[in-house]
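Spelled out from the first residue to the last, the chains are:
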Amino acid sequence: MGLSEKSAQASVGKSTQVESIDAFQSFKHDVDNEFLEWVNQKSGSDKHRNKLLNGGANTAAFSLIDESVRKDFGIFFSGHILANLVASKISRSLAKGASVIDPTCGAGDLLIACARYYPKQINYESTLSFWASRLGGIDIHETFTRTVTSRLRLLATESHIPD
């Protein structure tokens, strides 16, 4: 196989990996749509919101991203159960406003779990601002970090409906 053939195969392989990860966008869109239902109609499905915030990201990753791509990029979401356990262990610090940085945040299960322990704020905007000043997530895939933002917006609707 010549050099140009190897290069073409590598390019096709990389394209497939990117397309597979971009497929996760459909989960983000689902989160965004549920958020808009809460905002526009002042109501939404508690059951659907709960699914999107508790386990939906893991399910979406396994169903939308090829196994080989997950292995190549180390995409293994820890899940909401482990995230909730970790957050509960640091709940006192969170209640006092401690910051949390997740250097491999994926779709943000740990950040979602930690946000639930922060003190309630007076409205939706102040809640998001408070969280933004204390929560940080990093991931090599921008699709995942955008999803974290969408999921946190949706989580804030548990306490507040945006104006």
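Conventions adopted
- Residue numbering note: each chain is counted from 1, following its sequence as written.
- Totals for whole chains, interfaces and linings use all residues, but because this is a predicted model, local features are given only for residues with pLDDT of at least 70 and pairs of side-chain atoms are given and counted only at 80 or more.
- Side-chain measures here rest on the full set of heavy atoms in the structure, leaving out hydrogens and waters.
- Put simply, DSSP marks the helices as runs of H or I at least four residues long and the strands as runs of E at least two long, and each gets a number from the N terminus on.
- Exposed residues in this analysis have more than 50% of their type's maximum accessible area, buried residues have under 20%, and partly exposed residues fall in between, with area computed by a 1.4 Å probe over protein chains only.
- Only heavy atoms matter for contacts: two residues are in contact if any of them lie within 4.5 Å across the pair.
- Here, Shrake-Rupley sampling with a 1.4 Å probe gives the accessible areas, and only protein chains in the shown set may cover a residue.
- Note that the arc is computed from the directions linking the helix axis to the C-beta atoms.
- By nonpolar core we mean a set of buried residues, namely Ala, Val, Leu, Ile, Met, Phe, Trp, Tyr and Cys, connected to one another through side-chain atoms within 4.5 Å.
- By definition, pLDDT measures how confident the predictor is in each residue, and it falls between 0 and 100.
- Angles shown run from 0 to 180 degrees and are taken between the N-to-C directions of axes, each axis being a line fitted to C-alpha atoms and, for helices, limited to the stretch in contact.
- For classification, angles of less than 35 degrees are called roughly parallel, those exceeding 145 degrees roughly antiparallel, those between 65 and 115 degrees roughly perpendicular, and all remaining angles oblique.
- By convention the crossing between two helices is left-handed if the near helix lies anticlockwise of the far one by an angle smaller than a right angle, and right-handed if it lies clockwise.
- The nonpolar class holds Ala, Val, Leu, Ile, Met, Phe, Trp, Tyr, Cys and Pro. Asp, Glu, Lys and Arg form the charged class, and all remaining residues, Gly among them, are polar.
- Salt bridges are identified by distance alone: a Lys or Arg side-chain nitrogen within 4 Å of an Asp or Glu carboxyl oxygen.

Caption draft 1: Structural detail: the overall build of the chain. Within the chain, the secondary structure is distributed over ten helices and two strands. When its helices and strands are written in sequence order, the chain yields α-α-α-α-α-α-α-β-α-α-β-α. For the chain, with 163 residues in total, the buried portion stands at 40%. Contacts spanning at least 24 positions in sequence make up 75% of the contacts within the chain whose residues lie at least 6 apart. For the chain, the computed accessible surface area is about 9,100 Å², with 54% contributed by carbon and sulfur atoms.

Caption draft 2: Here's a closer look at helix α4 (residues 56-64). Within the span of α4, buried status applies to G56, A57, A60 and A61. The arc that holds every buried residue of α4, seen down its axis, measures 135°, which confines them to one face. Those residues of α4 that are exposed and angled more than 90 degrees off the buried face are T59 and S63.

Caption draft 3: Structural detail: the nonpolar core. Ranked by size, the top nonpolar core spans 36 residues in total, and within it F24, I65, F77, Y118, W131, L135 and L152 carry the most contacts. Top contributing element to this core by residue count: helix α10 (residues 142-156), with six residues. When residues no more than four places from it in sequence are discounted, the contact partners of L135 are V100, L111, C114, A115, Y118 and L152.

Caption draft 4: Summary view of the confidence of the model for the chain. With 84% of its residues at a pLDDT of 70 or more, the chain has an overall mean of 84. Mean pLDDT per element in the chain: helix α1 (residues 3-22) is the minimum at 51, and helix α7 (residues 91-95) is the maximum at 98. Note that residues 1-14 has pLDDT below 50 and, in this model, two contacts with residues that lie over four places away or in other chains.

Caption draft 5: Spotlight on the packing of helix α3 (residues 46-53) against α10. Where α3 contacts α10, the axes come no closer than 10 Å and their chain directions differ by 140°. In terms of orientation, α3 lies oblique with respect to α10. Two packed elements cross with a definite hand, and for α3 against α10 that hand is left-handed. Every residue of α10 that contacts α3 at R49, L52 and L53 is listed here: R151, L154 and L155. Grouping the amino acids of the contact of α3 with α10 by side-chain chemistry returns four nonpolar, no polar and two charged.

Caption draft 6: Representation of the pattern of salt bridges within the structure. Under the defined criterion, the tally for this structure stands at five salt bridges. Where D109 meets R151, a salt bridge forms, and the shortest distance between an N and an O atom there is 3.0 Å. On the criterion of sequence distance, the pair formed by D109 in helix α8 (residues 109-115) and R151 in helix α10 is long-range, its members being 42 residues apart. Pair check on accessibility: D109 and R151 agree, each one buried. Among the salt bridges present, the one from E142 reaches R146, with a minimum N-O distance of 2.5 Å. Within this pair, E142 and its partner R146 are both found in helix α10, separated by four residues, close to a single helical turn. The partly exposed category is assigned to R146, whose relative accessible area is 41%.

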